[in-house]
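# Chains, contacts and geometry: an overview
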Amino acid sequence: MGLFSRKNSKPNNKGPNSQSAFSNGPRSPSMSTSKTMNGSSLGASSVLDIPIPRAPDPALDPAAYLRSVHSVRERSRFVLEKAKKNQLKHFHVDLSKFQDTASYVVSIIKRDYAPDYASIPPHGRWQHFEVGGRPRIDQLMGSWASTVDAQERTRRLIDLFLVSVLLDAGAGTQWQYKSKESGKVYRRSEGLAVASLEMFKKGMFSSDPNNPCQVDSAGLKKLDVMAMAGGLQVSEHNPIEGLQGRTNLLIRLADALRNQEMFGPEARPGGMLDYLLSHPSTQASSVPIILVPTLWGVLMDGLSSIWPASRTTIDNIPLGDAWPCSVMPSHPTHPWESIVPFHKLTQWLTYSLMVPMTKLLGVKWAGSELLTGLPEYRNGGLLVDTGLLTLKEFDARRGLEMWRDVAGRGGNCVEVVPTFEASDDVIVEWRAVTVGFLDELLAEVNVLLRLNGSEKLSLAQMLEAGTWKVGRPRTTKLRIKLTGA
């Protein structure tokens, strides 16, 4: 057992260091010693020599490989190399715009953080809750009794953050949320964050009236579309995309949480904290050091049953957010080689859940460099907006035809933009090259900021302060829209 063994999560006065010290986890032949950079800020800091599990061998278990965190960057690299040669199928690539793109990102980072770049928080859901400069999470924790210890506070935030991220799908351009606490109106991701927080505080996801600020299986089971519509303030004049889908996702989560090994006897997302801290691979002297692949396994395997059936399978095993891409290598007996995995929501969950564990318990993370930039419309849209990527004419025409079709069926089409299904080869290629170029941008951004060694921004910091922030508001002549994502 580790420093933190599983226990009843009801409030008590014991602090996080009240139990025995960690024992070092075993070094397995399947582990590689990786120099991983991470510290309490989740940015680039101290180097930890920690054994990191290698990716599964795709020749032996291609499905396990494509579901691993390692595979996202490795497979996307093939598409990036094609992009650098301007050999993509659906996009023209103008590498002369790369420097402009990096300079633009740097200008925003300097505007908001210079000269204290170390203060940039990592990308995660925490910042969304603070939209408008209001420290809502600190205020939430301040409302809890002092007898609620650090571990239980962390469990509660994991509860909140996981549900909030699951609700964080595209809301559409018409939906908005008026905070019941401040009266201010918020939209899109930030609106969903504030809405989910206020629903959480009301106890909408809890089955225990005495503990409203938690999420548990029984509480989620009682949800229905009407309750969710009320919580999200959905009406005929305030529609949100995918209300039924969001509701079904949380109801399926209720069943997944009954995995007591991962989520504990209380069937809460926060129960994963005890699993992670007592995992054989977790080690520390004074603070826990958790492997990112261990957290990844909880989210990928423990939540696999909540997702709709995937269109992409290997040996009848659903791969999740992984799709064939026409510019990938092809092999007649190795069909997995044409597939690019993204696992965007699992990565977003990973980034988001790491933050409260670090802030409240001082957890350090080994293997965080395995995570990639998120292949979604803000980061990918930046590459289109700056002219680094331009959709080819044939695909632009095809996308506009689909836009007209969706608009004709009464779809939410405020903007006239090329529109594609999430599985379309255009979107898969776009997402893959986004992952690759975000790595390239990180290196150039650090050069332009003249940051070296431990001062360098981590990818999570650049996403937060740069690409994700600037990707939405920048005026565009072309913005690609995903449908069915």
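To start, this report covers the structure provided alongside it. (Residues numbered from 1 in each chain as written. Predicted model: local features only at pLDDT ≥ 70, side-chain atom pairs only at ≥ 80, totals over all residues. Heavy atoms only, no water.)

## Notes on the overall build of the chain
Check the secondary structure of the chain and you find 18 helices and 14 strands. Expressed as a percentage of the 485 residues in the chain, the buried residues total 57%. Put simply, of all contacts in the chain between residues at least 6 apart along the chain, 70% involve residues at least 24 apart. For the chain, the exposed surface amounts to about 19,900 Å²; the carbon and sulfur share of it is 53%. (Helix = DSSP H or I, 4+ residues; strand = E, 2+ residues; numbered from the N terminus. Buried < 20%, exposed > 50% of the residue type's maximum accessible area, 1.4 Å probe, protein only. Contact = heavy atoms within 4.5 Å. Areas by Shrake-Rupley, 256 points an atom, 1.4 Å probe, with all protein chains shown as cover.)

## Observations concerning the pattern of salt bridges
Under the criterion given, the structure shown has 21 salt bridges. Arginine 155 serves as the salt-bridge partner of aspartate 274, at 2.8 Å between the closest nitrogen and oxygen. One end of the pair, aspartate 274, is in helix H12 (residues 272-277); the other, arginine 155, is in helix H6 (residues 150-166), and 119 residues separate them in sequence. The residues aspartate 274 and arginine 155 share a single accessibility class, namely buried. In this structure, lysine 221 and aspartate 255 form a salt bridge, with 3.0 Å as the shortest nitrogen-oxygen distance. A residue pair is termed long-range when its members are at least 10 positions apart, and lysine 221 in helix H8 (residues 217-221) and aspartate 255 in helix H10 (residues 243-256) qualify at 34 residues. (Salt bridge = Lys/Arg side-chain N within 4 Å of Asp/Glu carboxyl O.)

## A word on the packing of helix H3 (residues 98-113) against helix H17 (residues 425-448)
Packing of H3 against H17 brings their axes to within 9 Å, and their N-to-C directions diverge by 60 degrees. With respect to H17, the axis of H3 lies oblique. At the point where H3 passes H17, the crossing takes the right-handed sense. Across from Phe98, Gln99, Thr101, Ala102, Ser103, Val105, Val106 and Ile109 in H3, the residues of H17 making contact are Phe437, Glu440, Leu441, Glu444, Val445 and Leu448. A class-by-class count of the residues in the contact of H3 with H17 yields nine nonpolar, three polar and two charged. (Axes fitted to C-alpha atoms, helices over the stretch in contact; angles between N-to-C directions. Parallel < 35°, antiparallel > 145°, perpendicular 65-115°, else oblique. Left-handed = near helix turned anticlockwise from the far one by under 90°. Nonpolar A, V, L, I, M, F, W, Y, C, P; charged D, E, K, R; others polar.)

## A look at the environment of glutamate 444
Relative to the assigned elements, glutamate 444 resides in helix H17. Classification of glutamate 444 as buried rests on a relative accessible area of 18%. For glutamate 444 and alanine 102, which are 342 residues apart along the polypeptide, the C-alpha to C-alpha distance reads 6.5 Å. Apart from the residues within four sequence positions on either side, glutamate 444 is in contact with Phe98, Gln99 and Ala102.

## Points about unusual backbone geometry
Along the chain, alanine 114 connects to proline 115 via a cis peptide bond; the corresponding omega equals 0 degrees. Within the element layout of this structure, proline 115 appears in the loop between H3 and helix H4 (125-129). Not every positive phi belongs to a glycine, and arginine 188 is a case in point at roughly 50 degrees. Positionally, arginine 188 belongs in helix H7 (residues 188-202). Here glutamine 233, not a glycine, exhibits a phi torsion of approximately 60 degrees, which is positive. Within the element layout of this structure, glutamine 233 appears in the loop between helix H9 (225-231) and H10.

Keep in mind these numbers describe shape, not what the thing actually does.
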